[in-house]
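Spelled out, the chains give:
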Amino acid sequence: MYRKTFVAGTVLALFAAVSLAQSFDVVVVGSGGAGLSAAIMAKEAGSSVVVLEKMPYIGGNSNFASGGMNAACTKQQIAGGVTNDSPEIFYQDTMKGGHWKNDPELVRTLVAGAGPSVEWLLALGGDLRDVGLMAGASQPRTHRPTGCALVGPEVVKTLYNAAKARQIDMRMNTQATKILMKDGKVTGIQVTNKKDGTYTIHAKAVVDAAGGFGANNDLVSKYVPRLKGFATTNHPGATGDGLVLAEKAGAQLIDMTEIQTHPTVVPKVGEMITEAVRGNGAILINKDGKRFFNELNTRDAVSAAILKQKDGVAYLFFDSDMQKSLKATNKYIKQSYCVSGATIEEVAGKMGVPAAELQASIDAWKKGKAAGKDAFGRADMPRNLDQAPFYAIMVTPAVHHTMGGIKIDSKTQVYNTKGQVVPGLFAAGEITGGVHGGNRLGGNAQADIVTFGRIAGQQAYIYSMQAK
């Protein structure tokens, strides 16, 4: 009796496993900006597509992107009066910001594709009509929603609505556990979820867009020991699972020690204050009430400067004029971590800094602005910072972006440890290495994920058609 029951159960289990096995032209791992962009492009080209997301929600780190999306020579940029930018200037800014460690071919692809990516999102119904300046850029090229609202939620909403409209199969709470290979080529993927257990999806192409590993401090500190114990701006799912998948399939990893900290994160709260706050005129003040660095320098340099201050913290200081210029600040000033005052003396008291030193810092800022010569080399000084009420937010650096990852080329093809293309495997977004080099400029992540996500979707479609 036991044997019959066991055999019957085994047969049923095998039948269930077979019935769950499915086939698609393209499987996309990850539902952030890169994954959804890839899925939409592949679907529009004619592929059958499924998106796998291990978390119960879509978007990944893209949900938390705040600053904007960089692109040169767009209609929006020109309409805003920026006529001196070009893809070449954008390229030079990106290479310089990455300390010339970037892969030039990938950066050329980024700067050429970013403008069309902005237009593509606009055509899908997104709002990226406002253009501003962010740290490390020589020209205002950061596209964001009207009123300078947060860019991430807008991009995710736009892509999700487009994916739904195209009836793309999107599976939440579904973990990709193995990329399946035969004769060195991708044949599908193994997945698991609580409802269906483990099953196989046969596919001709896989796009790995599972994101970075900023929320995995064990992995972060393995590559950069000084970051052990650092907080992160990343969502809980950014643990590097997609890297492990690719590595087990033979993928080569590059630039893994290049991990960026974001300089303005609220201590113990973990909320990232968008770089647009500095871009629109805020300054950094230390606990002595003194300004100490160029706020629009690159993120790594600003982070290092803050960590050298007393207790490794600083205050973002801004006035009501700056606050009114940036919609994102409406959220910040309502939080308990933001202090305010009707006078410099009042806000200094709440900050715990000498009022006289703070006033002297503001006076020096105004004097430098009037003279067009800032003591710390800041070129863009849009406001006097003398309009009450005044605001201040304590900030410190936290792990923000992992620049290293899977080695790809300009077609998003994945390379193995022997320097050969892995047939059928593509990757895009933060999971890849080479685009940002030693430091990522604010606004380049959104340009990266959408531009290379679109390319990955196109190339996965082309490969899957050739493989039929």
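This is a predicted model, so every value here is computed, not measured.

### Brief notes about the overall build of the protein chain
- Scanning the protein chain from N- to C-terminus turns up 15 helices and 19 strands.
- Relative to the 2.2 N^0.38 estimate, which gives 23 Å for 468 residues, the radius of gyration of the protein chain is 24 Å and therefore close to what a compact globule would have.
- Counting only C-alpha atoms and orienting by the principal axes, one finds that the protein chain spans roughly 85 × 55 × 40 Å.
- Counted over contacts in the protein chain with a minimum sequence separation of 6, partners at least 24 positions apart contribute 72%.
- About 18800 Å² of surface is accessible on the protein chain, with carbon and sulfur atoms providing 53% of the total.

### Considering the packing of helix α13 (residues 344-351) against helix α14 (residues 355-371)
- Here α13 crosses α14 at 120 degrees, and the two axes come no closer than 9 Å. Here α13 lies oblique to α14, going by the angle between them. Crossing of α13 over α14 shows right-handed handedness. For the pair α13 and α14, the contacting residues are I344, E345, V347, A348 and M351 in the first and A355, L358, Q359 and I362 in the second.
- Residues that form the contact of α13 with α14 fall into these classes: seven nonpolar, one polar and one charged.

### Observations regarding the confidence of the model for the protein chain
- Per-residue pLDDT for the protein chain averages 93, and the proportion of residues at 70 or more is 95%.
- Ignoring residues within four places in sequence, the model shows residues 1-19, a span with pLDDT below 50, making zero contacts including any to other chains.

### Focus: the sheet that holds strand β5 (residues 142-144)
- If you walk across this open sheet you meet the three strands as β3-β5-β4, and the pairing is antiparallel. What marks the edges here is a single partner per strand, and that holds for β3 (69-70) and β4 (130-132).
- In the sheet, β4 pairs with β5 via three bridges, with the strands oriented antiparallel. Residue pairing for β5: D130 is matched across the bridge by R144.

### What about the side chain of H400?
- Along the chain, H400 falls in strand β15 (residues 390-402).
- Dropping the residues within four chain positions of it, H400 is found in contact with T233, N234, Q260, T261, H262, M272, R299, E430 and R440.

### Looking at the layout of surface pockets
- Here the second largest pocket defines a volume of roughly 330 Å³.
- Forming the walls of the second largest pocket are 17 residues, and the residues nearest its centre are K96, G136, A137, S138 and L296.
- Broken down by class, the residue content of the lining of the second largest pocket amounts to six nonpolar, seven polar and four charged.

### Thoughts on the environment of A249
- Along the chain, A249 turns up in the loop between α8 (241-248) and β10 (253-254).
- By relative accessible area, which is 15% here, A249 ends up buried.
- When the C-alpha positions of A249 and M181 are compared, they lie 7.5 Å apart, and in sequence the two are 68 residues distant.
- Beyond its immediate stretch of four places on either side in the chain, A249 contacts I179 and M181.

### Considerations on the nonpolar core
- Core analysis: the biggest nonpolar cluster contains 85 residues, and V27, I189, I201, V207 and I406 have the highest contact counts within it.
- Per-element accounting of this core gives the leading share, nine residues, to helix α5 (residues 104-123).

### Considering the environment of G125
- Note on placement: G125 falls in the loop between α5 and β4.
- With a relative accessible area of 59%, G125 lands in the exposed category.
- Between the C-alpha atom of G125 and that of N193, which follows or precedes it by 68 residues, the distance is 33 Å.
- Leave out the neighbours within four places in its chain, and G125 touches E154 and T158.

### Observations regarding empty space enclosed by the protein
- Taken as a whole and judged by the stated rule, the model has one cavity of 30 Å³ or more.
- Estimates place the volume of the largest cavity at around 30 Å³.
- If you trace the largest cavity, you find it lined by H401, T402, M403, G429, E430, T432, G433, G434, V435, H436 and D448.
- Within the residue set of the lining of the largest cavity, elements represented by two or more residues are β15 and β19 (432-433).
- Counted by class, the lining of the largest cavity contains two nonpolar, seven polar and two charged residues.

### A look at α13
- Of all the residues in α13, the buried ones are I344, V347, A348 and M351. Seen end-on, α13 carries its buried residues on one side only, within an arc spanning 105 degrees. Residues of α13 that are exposed and point more than 90 degrees away from the buried face comprise E345 and G349.
- A positive phi of about 80 degrees marks G352, the residue just after α13.

### Section: the packing of aromatic side chains
- Under the criterion given, the structure shown has four aromatic pairs.
- Aromatic pair F318 and Y391: ring centres 5.4 Å apart, planes at 25 degrees, arrangement stacked. Within this pair, whereas F318 is found in strand β13 (residues 314-319), its partner Y391 is found in strand β15, the two being separated by 73 residues in sequence.
- By relative accessible area, which is 10% here, Y391 ends up buried.

### Quick notes on the packing of helix α2 (residues 33-45) against helix α15 (residues 444-466)
- Viewed as axis vectors pointing N to C, α2 and α15 meet at an angle of 35 degrees, and their least axial separation amounts to 7 Å. In this structure, α2 meets α15 at a crossing whose hand is right-handed. Residues G33, A34, S37, A38, M41, A42 and A45 of α2 form the contact with α15, whose own contacting residues are I449, V450, G453, R454, A456, G457, Q458 and Y461.
- Residues of the contact of α2 with α15, tallied by class, amount to nine nonpolar, five polar and one charged.

Definitions and cut-offs
- Residues numbered from 1 in each chain as written.
- Predicted model: local features only at pLDDT ≥ 70, side-chain atom pairs only at ≥ 80, totals over all residues.
- Heavy atoms only, no water.
- Helix = DSSP H or I, 4+ residues; strand = E, 2+ residues; numbered from the N terminus.
- Rg over C-alpha atoms; globule rule 2.2 N^0.38 Å.
- Contact = heavy atoms within 4.5 Å.
- Areas by Shrake-Rupley, 256 points an atom, 1.4 Å probe, with all protein chains shown as cover.
- Axes fitted to C-alpha atoms, helices over the stretch in contact; angles between N-to-C directions.
- Parallel < 35°, antiparallel > 145°, perpendicular 65-115°, else oblique.
- Left-handed = near helix turned anticlockwise from the far one by under 90°.
- Nonpolar A, V, L, I, M, F, W, Y, C, P; charged D, E, K, R; others polar.
- pLDDT = per-residue confidence, 0-100.
- Pairing = 2+ DSSP bridges.
- 1 Å grid on protein atoms, 1.4 Å probe; cavity = no way out; pocket = protein on both sides within 12 Å on 5 of 7 lines; lining within 4 Å.
- Points joined across faces, edges and corners; volume = space filled by probe spheres on them.
- Buried < 20%, exposed > 50% of the residue type's maximum accessible area, 1.4 Å probe, protein only.
- Core = buried A, V, L, I, M, F, W, Y, C linked by side-chain atoms within 4.5 Å.
- Arc of directions from axis to C-beta.
- Phe/Tyr/Trp six-rings, centres within 6.5 Å; stacked < 30°, edge-to-face > 60°.

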